[in-house]
Structure formats: structure tokens, C-alpha cells
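The residues making up each chain are set out below.
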Amino acid sequence: LAGAGLVLEAAGVGAAPGGGDCKKLAKKLLKAHQGNLFLWAAYASAELARGAPAEARKVLHAAMQLFPSLAPADRFGWPIVCRSYLELELTADAPAPSLLAPLLVSIALVDPSAATALASTTSQAAMPTPTTLVKARKAYEALLTEVQAKAHQAPQEGHGPVVDP
């Protein structure tokens, strides 16, 4: 199934402006594997590659709206969807690129419940509350502490050098 995403991206790059074949393939794959966030991101990449950033944005918004209903085992593609959305907002025809999109993506990466807010972003999207920002900062601090602890354990287990904090 991982190869299907590559096929979608390649089809998008080589597709005609209409992109009918690519869309049909993507929709067929997504119908069979609706919860596969990697396929959603690949479909968005294919749309972007064929010059349709508005369609790519719709695809990513659909994936973000789907995310809360996914089982935890199906959520591992979430960072790829967030990255794809961020790249789209910062490089494509974004109405007015601002720091709001990266901020919302940063929050959604550590707080998946923010996916709904991310999916509904518009040029008038509200800034996150101070409480939300503090929670996100604490989540990133906890992740950093966990990574540093694992990095310090790695040499003891024969897995590489120590990383200084």
C-alpha cells in the first residue's frame, strides 16, 4: 500500500491539467483504504503537482476532518498530513501566508484534537488560546525530554553517540 502513494504522486506529476486518471485512481484507493492518511497526503501531493493547490487543500482538509474518527492504530500518518498542509500553505497559492498556519500545525502535531480547528482554517481563523499554547509547549518539552533520555541510553545499548542537551 505504501507504493500506492508513490504511484499517486508520480501520476500527479505526469498528469494532464484535468488529472482525471489520477483522481480516479486516488478515489478508488481512498474508497478501499479511507483511513490511510499517507494516501490522503499522496493524493494532495498529486493535486499540487498537477497545479491544483485548491484541490490539494480540499483533500487535506478532508483528511483532517477524518482524523478524529480514526482508531489510534490508524493515526500514524498524521505528521505527514500536517507537513503536507504546512508546505501547501507556505508555498502554494495561500491567500496570505502568515504564522498562523505553522502555529496551528505545531499545535495539531502534539494535540490531535486540534485537527478540527486546523481543517477549518480560513484567512479569518482565530488565534489559539494562551492555554492551548502552553499545553503545546509542555507537550514539546515532554517529547524533548523523552528523546534526550533515549539518546543518553543509546550508547549504553550500543546504538550510537550521546547527544548533548
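Computed from a predicted model, the values in this text were never measured in an experiment.

**A few points about the nonpolar core**
1) Next: Core analysis: the biggest nonpolar cluster contains 31 residues, and Leu37, Trp40, Leu60, Met64, Trp78, Val81 and Leu118 have the highest contact counts within it.
2) Next: Within the residue set of this core, elements represented by two or more residues are helix H2 (20-32), helix H3 (37-49), helix H4 (53-66), helix H5 (78-91), helix H6 (100-110) and helix H7 (115-119).
3) Next: When residues no more than four places from it in sequence are discounted, the contact partners of Trp78 are Leu37, Met64, Phe67, Ala108, Leu109, Pro112, Ala115 and Leu118.

**Things to note about a nonpolar patch on the surface**
1) Next: Residues Leu109, Tyr140 and Leu143 make up a contiguous nonpolar surface patch of roughly 250 Å² in combined accessible area.
2) Next: By the element assignment, Tyr140 lies in helix H8 (residues 130-153).

**A look at the packing of H3 against H5**
1) Next: In contact at an axis separation of 8 Å, H3 and H5 are set at 20° when each is read in the N-to-C sense. By the angle between their axes, H3 is roughly parallel relative to H5. For the crossing formed where H3 meets H5, the hand is left-handed. In this structure, H3 uses Leu37, Phe38, Ala41 and Leu48 to contact H5, whose residues at the interface are Trp78, Ile80, Val81, Ser84 and Leu88.

**A word on the confidence of the model for the protein**
1) Next: Across the protein, pLDDT averages 77, with 72% of residues at or above 70.
2) Next: The element-level mean pLDDT for the protein is lowest in helix H1 (residues 2-14), coming to 53, with H8 highest at 90.

**Overview of the packing of H4 against H5**
1) Next: For the pair H4 and H5, interaxial distance at closest approach is 10 Å and the crossing angle is 150°. In this view, H4 runs roughly antiparallel relative to H5, as classed from their interaxial angle. The element H4 and its partner H5 pack so that their crossing is left-handed. Judged by residue contacts, Pro53, Ala56, Arg57, Leu60, His61, Ala63 and Met64 of H4 engage Trp78, Val81, Ser84, Tyr85, Leu88 and Glu89 from H5.
2) Next: Of the residues that constitute the contact of H4 with H5, the class distribution is nine nonpolar, two polar and two charged.

Conventions used here
Residues numbered from 1 in each chain as written. Predicted model: local features only at pLDDT ≥ 70, side-chain atom pairs only at ≥ 80, totals over all residues. Heavy atoms only, no water. Core = buried A, V, L, I, M, F, W, Y, C linked by side-chain atoms within 4.5 Å. Buried < 20%, exposed > 50% of the residue type's maximum accessible area, 1.4 Å probe, protein only. Helix = DSSP H or I, 4+ residues; strand = E, 2+ residues; numbered from the N terminus. Contact = heavy atoms within 4.5 Å. Patch = residues over 30% accessible without salt bridge, like charges linked within 9 Å, V, L, I, M, F, W, Y side chains within 5 Å. Areas by Shrake-Rupley, 256 points an atom, 1.4 Å probe, with all protein chains shown as cover. Salt bridge = Lys/Arg side-chain N within 4 Å of Asp/Glu carboxyl O. Axes fitted to C-alpha atoms, helices over the stretch in contact; angles between N-to-C directions. Parallel < 35°, antiparallel > 145°, perpendicular 65-115°, else oblique. Left-handed = near helix turned anticlockwise from the far one by under 90°. pLDDT = per-residue confidence, 0-100. Nonpolar A, V, L, I, M, F, W, Y, C, P; charged D, E, K, R; others polar.

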